[in-house]
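Residue-level structural notes
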Amino acid sequence: MSSSVLFDAPGPKARRRSLIFSIVALVVVAAVVVWVIVTLAAPRTSSGITLPGSFDPSRWDIFADPRVWRGIGQGVLATLQAAALAAVLALAIGIGFSTLRTSVHAWVRVPTTVVLEFFRGMPVLLLMLFILLASSFGSFWAVVLALGLYNGAIIGEILRAGIASLPLGQREAGLSLGLTRLQAKTFIEFPQAFRQMLPVIVAQLVVLLKDTSLGFIVGYNELIRTTMNQMASFYGNRYLLSLFLVTLVIYLAINLSLSAFARRLARRRGGAVRPGFLAKLVNRA
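Notes on the nonpolar core
- Counting 34 residues, the largest nonpolar core has Met128, Val143 and Leu147 as its most contacted members.
- The biggest single contributor to this core is helix α6 (residues 139-164), with 12 residues.
- Among all residues touching Met128, those that are not within four sequence positions of it are Ala142, Val143, Ala146, Leu147, Asp211, Leu214, Gly215 and Val218.
- One finds Ile62, Val68, Ala232 and Tyr239 within the second-largest nonpolar core, a separate group that totals 13 residues.

Section: helix α4 (residues 106-121)
- A rise of 1.5 Å per residue sets the reference length of α4, with its 16 residues, at 22 Å; its end C-alpha atoms lie 22 Å apart and thus fit the reference within 8%.
- Of all the positions in α4, only Val108, Thr112, Thr113, Leu116 and Phe119 are classed as buried. Seen along its axis, α4 keeps its buried residues to an arc of 135°; they face one direction. Looking at α4, the residues exposed on the side facing more than 90 degrees away from the buried face are Trp107, Val114 and Gly121.
- Each element contacted by the buried residues of α4 is listed here: α3 (66-101), α5 (124-134) and α6.

So, the packing of α5 against α6
- Put simply, α5 and α6 touch, their axes get as near as 8 Å, and they point 135° apart. Judged by the inter-axis angle, α5 sits oblique to α6. Helix-helix and strand crossings are classified by hand; for α5 and α6 the assignment is right-handed. For the pair formed by α5 and α6, the contact residues are Val124, Leu127, Met128, Ile131 and Leu132 on the first element and Ser139, Ala142, Val143, Leu145, Ala146, Leu147, Leu149 and Tyr150 on the second.
- Considering only residue class, the contact of α5 with α6 consists of 12 nonpolar, 1 polar and no charged.

Conventions adopted
- Residues numbered from 1 in each chain as written.
- Predicted model: local features only at pLDDT ≥ 70, side-chain atom pairs only at ≥ 80, totals over all residues.
- Heavy atoms only, no water.
- Core = buried A, V, L, I, M, F, W, Y, C linked by side-chain atoms within 4.5 Å.
- Buried < 20%, exposed > 50% of the residue type's maximum accessible area, 1.4 Å probe, protein only.
- Helix = DSSP H or I, 4+ residues; strand = E, 2+ residues; numbered from the N terminus.
- Contact = heavy atoms within 4.5 Å.
- Expected span 1.5 Å × (residues − 1).
- Arc of directions from axis to C-beta.
- Axes fitted to C-alpha atoms, helices over the stretch in contact; angles between N-to-C directions.
- Parallel < 35°, antiparallel > 145°, perpendicular 65-115°, else oblique.
- Left-handed = near helix turned anticlockwise from the far one by under 90°.
- Nonpolar A, V, L, I, M, F, W, Y, C, P; charged D, E, K, R; others polar.

Below is the structure:
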(Lines give C-alpha, C1' and ligand atoms only; values in the text may rest on other atoms or scores of the structure.)
Protein backbone atom coordinates (compact mmCIF):
# COMPACT_ATOMS: atom_id res chain seq x y z
CA MET A 1 0.00 0.00 0.00
CA SER A 2 1.41 3.39 -1.00
CA SER A 3 2.16 6.12 1.53
CA SER A 4 -0.35 8.46 -0.20
CA VAL A 5 -3.17 6.05 0.75
CA LEU A 6 -1.87 5.54 4.28
CA PHE A 7 -1.61 9.24 5.03
CA ASP A 8 -4.67 10.32 3.03
CA ALA A 9 -2.67 12.55 0.67
CA PRO A 10 -4.83 14.86 -1.45
CA GLY A 11 -5.55 13.68 -4.96
CA PRO A 12 -5.36 15.72 -8.19
CA LYS A 13 -8.87 17.17 -7.77
CA ALA A 14 -8.22 18.22 -4.17
CA ARG A 15 -4.91 19.83 -5.12
CA ARG A 16 -6.56 21.66 -8.03
CA ARG A 17 -9.39 22.85 -5.77
CA SER A 18 -6.89 24.02 -3.14
CA LEU A 19 -4.91 25.90 -5.80
CA ILE A 20 -8.06 27.63 -7.09
CA PHE A 21 -9.08 28.66 -3.56
CA SER A 22 -5.60 30.00 -2.89
CA ILE A 23 -5.59 32.06 -6.08
CA VAL A 24 -9.07 33.45 -5.35
CA ALA A 25 -8.06 34.36 -1.79
CA LEU A 26 -4.89 36.04 -3.05
CA VAL A 27 -6.86 38.06 -5.62
CA VAL A 28 -9.38 39.16 -2.97
CA VAL A 29 -6.65 40.22 -0.55
CA ALA A 30 -4.80 42.08 -3.32
CA ALA A 31 -8.03 43.85 -4.33
CA VAL A 32 -8.68 44.94 -0.75
CA VAL A 33 -5.12 46.24 -0.40
CA VAL A 34 -5.39 48.18 -3.68
CA TRP A 35 -8.76 49.64 -2.61
CA VAL A 36 -7.32 50.80 0.72
CA ILE A 37 -4.29 52.39 -0.96
CA VAL A 38 -6.41 54.17 -3.58
CA THR A 39 -8.86 55.40 -0.94
CA LEU A 40 -6.08 56.77 1.26
CA ALA A 41 -4.29 58.39 -1.69
CA ALA A 42 -7.42 60.19 -2.95
CA PRO A 43 -7.98 63.82 -1.83
CA ARG A 44 -10.95 64.35 0.46
CA THR A 45 -13.18 67.31 1.24
CA SER A 46 -13.98 68.22 4.82
CA SER A 47 -15.99 71.32 5.85
CA GLY A 48 -15.51 72.80 2.40
CA ILE A 49 -11.73 72.33 2.54
CA THR A 50 -9.99 69.90 0.20
CA LEU A 51 -7.29 67.93 1.95
CA PRO A 52 -4.54 66.16 0.01
CA GLY A 53 -4.31 62.40 0.00
CA SER A 54 -2.68 60.52 2.83
CA PHE A 55 0.44 59.83 0.81
CA ASP A 56 0.95 63.42 -0.23
CA PRO A 57 4.43 64.68 0.80
CA SER A 58 2.81 67.58 2.68
CA ARG A 59 1.40 65.08 5.18
CA TRP A 60 4.77 63.49 5.85
CA ASP A 61 7.12 66.47 5.95
CA ILE A 62 7.24 66.57 9.77
CA PHE A 63 9.33 63.40 9.74
CA ALA A 64 12.21 65.39 8.30
CA ASP A 65 12.40 67.17 11.64
CA PRO A 66 14.79 65.44 14.10
CA ARG A 67 12.64 66.65 16.99
CA VAL A 68 9.80 64.43 15.81
CA TRP A 69 11.97 61.32 15.85
CA ARG A 70 13.41 62.38 19.21
CA GLY A 71 9.88 62.52 20.61
CA ILE A 72 8.97 59.17 19.05
CA GLY A 73 12.15 57.67 20.50
CA GLN A 74 11.20 58.94 23.95
CA GLY A 75 7.78 57.31 23.57
CA VAL A 76 9.36 54.01 22.50
CA LEU A 77 11.80 54.18 25.42
CA ALA A 78 8.97 54.86 27.88
CA THR A 79 7.02 51.90 26.50
CA LEU A 80 10.00 49.54 26.70
CA GLN A 81 10.91 50.73 30.21
CA ALA A 82 7.42 50.04 31.54
CA ALA A 83 7.24 46.70 29.70
CA ALA A 84 10.68 45.53 30.88
CA LEU A 85 10.06 46.37 34.53
CA ALA A 86 6.56 44.90 34.42
CA ALA A 87 7.92 41.72 32.79
CA VAL A 88 10.48 41.21 35.58
CA LEU A 89 7.78 41.84 38.17
CA ALA A 90 5.36 39.48 36.40
CA LEU A 91 7.94 36.68 36.31
CA ALA A 92 8.69 37.10 40.01
CA ILE A 93 5.00 37.18 40.92
CA GLY A 94 4.31 34.23 38.63
CA ILE A 95 6.97 32.11 40.30
CA GLY A 96 5.56 33.04 43.71
CA PHE A 97 1.99 32.27 42.68
CA SER A 98 2.92 28.91 41.15
CA THR A 99 4.92 27.94 44.26
CA LEU A 100 2.06 28.74 46.62
CA ARG A 101 -0.58 27.40 44.22
CA THR A 102 1.07 23.95 44.14
CA SER A 103 1.56 23.75 47.92
CA VAL A 104 0.40 20.56 49.65
CA HIS A 105 -1.14 22.67 52.42
CA ALA A 106 -4.74 23.73 51.75
CA TRP A 107 -4.44 26.79 54.00
CA VAL A 108 -1.76 28.09 51.62
CA ARG A 109 -3.16 26.80 48.33
CA VAL A 110 -6.79 27.95 48.69
CA PRO A 111 -6.17 31.65 49.56
CA THR A 112 -3.55 31.82 46.83
CA THR A 113 -6.07 30.48 44.32
CA VAL A 114 -8.62 33.12 45.36
CA VAL A 115 -6.11 35.96 45.00
CA LEU A 116 -4.80 34.61 41.69
CA GLU A 117 -8.27 34.29 40.19
CA PHE A 118 -9.09 37.82 41.36
CA PHE A 119 -6.15 39.31 39.47
CA ARG A 120 -6.81 37.12 36.43
CA GLY A 121 -10.44 38.22 36.27
CA MET A 122 -9.85 41.94 36.83
CA PRO A 123 -9.41 44.08 33.68
CA VAL A 124 -5.93 45.55 33.43
CA LEU A 125 -7.25 49.07 32.85
CA LEU A 126 -9.36 48.97 36.01
CA LEU A 127 -6.34 47.73 37.94
CA MET A 128 -4.28 50.64 36.60
CA LEU A 129 -6.98 53.12 37.55
CA PHE A 130 -7.33 51.61 41.02
CA ILE A 131 -3.59 51.82 41.71
CA LEU A 132 -3.48 55.38 40.37
CA LEU A 133 -6.45 56.54 42.44
CA ALA A 134 -5.67 54.60 45.62
CA SER A 135 -1.99 55.52 45.85
CA SER A 136 0.45 58.28 45.07
CA PHE A 137 2.72 56.16 42.90
CA GLY A 138 2.01 58.03 39.67
CA SER A 139 1.08 56.83 36.20
CA PHE A 140 4.34 54.95 35.55
CA TRP A 141 4.03 52.71 38.58
CA ALA A 142 0.30 52.32 38.02
CA VAL A 143 1.08 50.83 34.60
CA VAL A 144 3.98 48.69 35.86
CA LEU A 145 2.22 47.29 38.94
CA ALA A 146 -1.04 46.58 37.12
CA LEU A 147 0.72 44.77 34.28
CA GLY A 148 2.96 42.92 36.72
CA LEU A 149 0.08 41.69 38.87
CA TYR A 150 -2.20 40.70 35.99
CA ASN A 151 0.43 38.97 33.87
CA GLY A 152 2.07 37.49 36.98
CA ALA A 153 -1.18 35.70 37.76
CA ILE A 154 -1.33 34.31 34.23
CA ILE A 155 2.35 33.29 34.23
CA GLY A 156 1.77 31.60 37.58
CA GLU A 157 -0.91 29.41 36.00
CA ILE A 158 1.36 28.74 33.02
CA LEU A 159 4.14 27.54 35.32
CA ARG A 160 1.69 25.49 37.37
CA ALA A 161 0.53 23.77 34.17
CA GLY A 162 4.16 23.14 33.25
CA ILE A 163 4.85 21.54 36.64
CA ALA A 164 1.68 19.44 36.40
CA SER A 165 2.76 18.16 32.97
CA LEU A 166 6.06 16.78 34.30
CA PRO A 167 6.33 13.06 35.05
CA LEU A 168 5.79 12.24 38.72
CA GLY A 169 9.11 10.43 38.71
CA GLN A 170 10.94 13.78 38.61
CA ARG A 171 9.65 14.83 42.02
CA GLU A 172 9.91 11.33 43.46
CA ALA A 173 13.50 11.03 42.32
CA GLY A 174 14.38 14.23 44.13
CA LEU A 175 12.56 13.17 47.31
CA SER A 176 14.25 9.77 47.24
CA LEU A 177 17.62 11.50 47.12
CA GLY A 178 16.90 13.36 50.35
CA LEU A 179 15.65 16.66 48.97
CA THR A 180 12.71 18.41 50.61
CA ARG A 181 9.56 19.12 48.61
CA LEU A 182 10.56 22.76 48.24
CA GLN A 183 14.08 21.82 47.10
CA ALA A 184 12.73 19.29 44.60
CA LYS A 185 10.30 21.89 43.26
CA THR A 186 12.92 24.66 43.13
CA PHE A 187 15.86 22.75 41.64
CA ILE A 188 14.18 20.00 39.61
CA GLU A 189 10.60 20.86 38.67
CA PHE A 190 10.82 24.61 38.15
CA PRO A 191 13.77 24.59 35.72
CA GLN A 192 12.08 21.98 33.56
CA ALA A 193 8.65 23.62 33.70
CA PHE A 194 10.15 27.01 32.90
CA ARG A 195 12.05 25.70 29.88
CA GLN A 196 9.03 23.75 28.68
CA MET A 197 6.65 26.71 28.97
CA LEU A 198 9.14 29.41 27.94
CA PRO A 199 7.60 30.01 24.48
CA VAL A 200 4.18 30.49 26.09
CA ILE A 201 5.67 32.83 28.69
CA VAL A 202 7.38 34.90 25.99
CA ALA A 203 4.08 35.07 24.08
CA GLN A 204 2.43 36.37 27.25
CA LEU A 205 5.16 38.99 27.58
CA VAL A 206 4.31 40.12 24.04
CA VAL A 207 0.73 40.66 25.27
CA LEU A 208 2.18 42.60 28.23
CA LEU A 209 4.07 44.86 25.83
CA LYS A 210 0.89 45.54 23.86
CA ASP A 211 -1.03 46.33 27.05
CA THR A 212 1.39 49.15 27.88
CA SER A 213 -0.72 51.15 25.42
CA LEU A 214 -3.41 51.24 28.13
CA GLY A 215 -1.12 53.66 29.94
CA PHE A 216 -2.55 56.23 27.52
CA ILE A 217 -5.71 56.30 29.68
CA VAL A 218 -3.93 56.88 32.99
CA GLY A 219 -1.69 59.64 31.61
CA TYR A 220 1.54 57.71 31.05
CA ASN A 221 3.51 59.06 28.09
CA GLU A 222 4.06 55.79 26.27
CA LEU A 223 4.35 55.56 22.49
CA ILE A 224 0.68 55.97 21.55
CA ARG A 225 0.09 58.90 23.90
CA THR A 226 3.26 60.56 22.62
CA THR A 227 2.41 60.22 18.92
CA MET A 228 -1.39 60.09 18.66
CA ASN A 229 -2.12 62.62 21.39
CA GLN A 230 0.73 65.03 22.02
CA MET A 231 2.26 65.20 18.53
CA ALA A 232 -1.10 65.13 16.78
CA SER A 233 -2.28 68.02 18.96
CA PHE A 234 0.91 70.00 18.35
CA TYR A 235 1.25 69.46 14.59
CA GLY A 236 -2.46 69.20 13.80
CA ASN A 237 -4.84 66.48 12.66
CA ARG A 238 -3.37 66.76 9.16
CA TYR A 239 -0.62 64.38 10.32
CA LEU A 240 -2.81 62.05 12.36
CA LEU A 241 -2.81 59.15 9.86
CA SER A 242 0.92 59.56 9.21
CA LEU A 243 1.66 59.36 12.93
CA PHE A 244 -0.69 56.39 13.24
CA LEU A 245 1.11 54.47 10.48
CA VAL A 246 4.54 55.16 11.97
CA THR A 247 3.30 54.05 15.41
CA LEU A 248 1.81 50.90 13.89
CA VAL A 249 5.07 50.00 12.12
CA ILE A 250 7.07 50.46 15.34
CA TYR A 251 4.69 48.26 17.35
CA LEU A 252 4.69 45.60 14.63
CA ALA A 253 8.49 45.58 14.49
CA ILE A 254 8.81 45.13 18.25
CA ASN A 255 6.03 42.56 18.65
CA LEU A 256 6.98 40.51 15.60
CA SER A 257 10.58 40.39 16.82
CA LEU A 258 9.45 39.03 20.19
CA SER A 259 7.09 36.56 18.49
CA ALA A 260 9.92 35.33 16.28
CA PHE A 261 12.04 34.90 19.40
CA ALA A 262 9.24 32.85 20.99
CA ARG A 263 9.00 30.60 17.92
CA ARG A 264 12.75 30.09 17.96
CA LEU A 265 12.56 29.10 21.61
CA ALA A 266 9.76 26.66 20.79
CA ARG A 267 11.98 24.92 18.23
CA ARG A 268 15.01 24.78 20.51
CA ARG A 269 13.35 24.04 23.86
CA GLY A 270 14.19 20.97 25.84
CA GLY A 271 12.70 19.75 29.09
CA ALA A 272 15.22 17.24 30.29
CA VAL A 273 17.47 17.75 33.27
CA ARG A 274 21.14 17.95 32.35
CA PRO A 275 23.26 14.88 33.09
CA GLY A 276 24.75 14.98 36.56
CA PHE A 277 22.26 17.62 37.73
CA LEU A 278 20.66 15.41 40.37
CA ALA A 279 24.05 14.32 41.63
CA LYS A 280 25.08 17.94 42.14
CA LEU A 281 21.86 18.56 44.08
CA VAL A 282 22.51 15.58 46.34
CA ASN A 283 26.00 16.85 47.13
CA ARG A 284 24.60 20.32 47.79
CA ALA A 285 21.89 18.96 50.08
